[in-house]
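Listed below, chain by chain, are the residues.
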Amino acid sequence: MKNIFSLTLFLLAANFLYAQKPIVPGYYADPSIKKFGDTYYMCVTTDGYPPFGNDGQTFVWTSDNLADWKPEVLKGLPNETIWAPAIIAGKNGKFYLYLQNSIDYSGYVWVGDSLTGPFTKANHLGGFDLEPFLDPVSKKIYVISATKELFEMDNDVNSPTYLTKIVKHIPLEGSLFDFTEGPYMFYRDGLYYAMWSGGRCWQKSYNVRYAISKNIEGPYTDGKNNPIIQTDEKAGIIGPGHHSVIQIDGRYFIFYHREDTSRGGPNCNYRLTCVSEISFNKDGEIHLVKYVDDLAALLGKKSKYINLALHKDVFANTESGNYVANNAVDGDNGTRWSTEANQSGILSVDLGSEQAINAVEIDFEYADKWQLFKVEYSSDNQNWQMLEDHSQEAIPAYKAMFINKDFKARYLRLSILNSEDRSASIWEFKALQLRK
């Protein structure tokens, strides 16, 4: 009887610990993904700062292969108060960033000469959770707002208020049931899709819904199979919402955030960006195809690197609860190794044999927080050489996330001496070798 009881507890724990894998490491919500040229740009809210997740650096994650992602700072923005940034290119070569201030709960537009800025505040638009949309029919740019309306922007490229002034407020017609926030709009096969998040972000009721119309102003008819993404505890998806949609290689994918299940949410603070595939039936209804753990692999794309540390033997001088050392080499951006508060941490990885290494990637729990650390390497686990030394002067994690150096080693050792959180915590520790 005792053995059966122990097995039951183990299975329950295993089910709780599994969760859909995030596409990038860290607490990022409200993903808005677009492709410019050959590169994908995913704007996000930097999360993980309780109680409302608005104190962090604002990043855009970039990738040219959907496997290797890099965070870049959206320059010119304040290092706080930014929610749900979303970007669009103007016909004048400039880029327009629509976002919310988390204090006044209101929408703004910023303008920059490049996709990463620096951006300058151009206008206060109002509304909430603003997402730009280029209508392929009229060729006009609109902004959809959580106030259940479209903002038709000034589309005169010669105007001084081009894409920064609202020329018409268009209330969206239709029932739009359980319309809360996180609106998104796209067009496909003669139909306009108005999408949004229902429920509440701090509850399991958070979900993704949609409605369809043949006219951009409506009336919109709610999807019969709403919601299309919702809490699925067996898949480790709690409180999914605030999404965007993109077509890749003829297939459609929805990017959204979910709660970090290891923190027992939902709490609307520690959210992770995930991906699922969707499809459309003959009537245009959206259907969930599958949850996606590895988007690049699903599409037959590969990283530029082989991660030599993946699933290799790993040791840590200390661990905190379920945040064990193996999590740092399991290839899952949603699991991590961590120490208890006020503990430094040492993590060692045995690659099995001496290997040629071209780079090391350290995915700290917070890319924008300061870290005091060093990375060493060895061939015999006795004699160590310094690879990167930030043990005397702290550095923001994203600036040292990638160590691009060529060397040979069997063992790698990461020593985190201190951090803003007074603990050591990383999602993944990678030894990268360029594919031949």
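Details of the structure are given in the entry above.
Procedures and definitions
Residues numbered from 1 in each chain as written. Predicted model: local features only at pLDDT ≥ 70, side-chain atom pairs only at ≥ 80, totals over all residues. Heavy atoms only, no water. Helix = DSSP H or I, 4+ residues; strand = E, 2+ residues; numbered from the N terminus. Polar contact = N/O pair within 3.5 Å; in protein donor to acceptor, adjacent residues only side chain to side chain. Buried < 20%, exposed > 50% of the residue type's maximum accessible area, 1.4 Å probe, protein only. Pairing = 2+ DSSP bridges. Disulfide = S-S within 2.5 Å.

Peer 1: Please clarify how unusual backbone geometry should be interpreted in this entry.
Peer 2: Peptide bonds are mostly trans, and most non-glycine residues show a negative phi. A cis geometry characterises the amide bond from Gly117 onward to Pro118, with omega recorded as 10°. The phi dihedral of Tyr105 is positive, around 55°, even though this residue is not glycine. Looking at the element boundaries, Tyr105 is found in the loop between strand 6 (95–101) and strand 7 (106–112).

Peer 1: When you look at the environment of Tyr411 in this model, what are you seeing that I'm missing?
Peer 2: Looking at the element boundaries, Tyr411 is found in strand 29 (residues 407–419). Counting along the chain gives 112 residues from Tyr411 to Leu299, while the straight-line C-alpha distance between them is 33 Å. Of note is the side chain of Tyr411, whose polar atom sits 3.3 Å from the side chain of Arg410.

Peer 1: Mind showing me how you'd approach the pairing of strand 2 (residues 39–46) here?
Peer 2: Remark: a regular strand shows side chains that alternate across the two faces of the sheet. Across the eight residues of strand 2, seven count as buried, placing the element largely inside the fold. Pairing analysis gives seven bridges linking strand 1 (residues 28–36) to strand 2, with the strands arranged antiparallel. Paired with Tyr28 across the strands is Thr46, a residue of strand 2. Connecting strand 1 to the next strand, strand 2, in antiparallel fashion are two residues, including Gly37 with a positive phi near 65°. The pairing of strand 2 with strand 3 (residues 59–63) spans four bridges and is classified as antiparallel. Paired with Tyr40 across the two strands is Ser63, which belongs to strand 3.

Peer 1: I would appreciate a short explanation of the state of the cysteines in the present structure.
Peer 2: Put plainly, a disulfide is one covalent bond tying together the sulfur atoms of two cysteines. Scanning the entire structure with this criterion turns up one disulfide. In this model, Cys201 is linked to Cys268 through a disulfide, with the two sulfur atoms separated by 1.8 Å. Here the disulfide of Cys201 and Cys268 is left-handed, its torsion about the S-S bond being about -95°. Taken together, the residues Cys201 in the loop between strand 14 (191–198) and strand 15 (207–213) and Cys268 in the loop between strand 18 (251–259) and strand 19 (271–280) connect sequence positions 67 residues apart. Pair check on accessibility: Cys201 and Cys268 agree, each one buried. Among the cysteines around Cys43, which has no disulfide bond, Cys274 carries the closest sulfur, lying 18 Å off.

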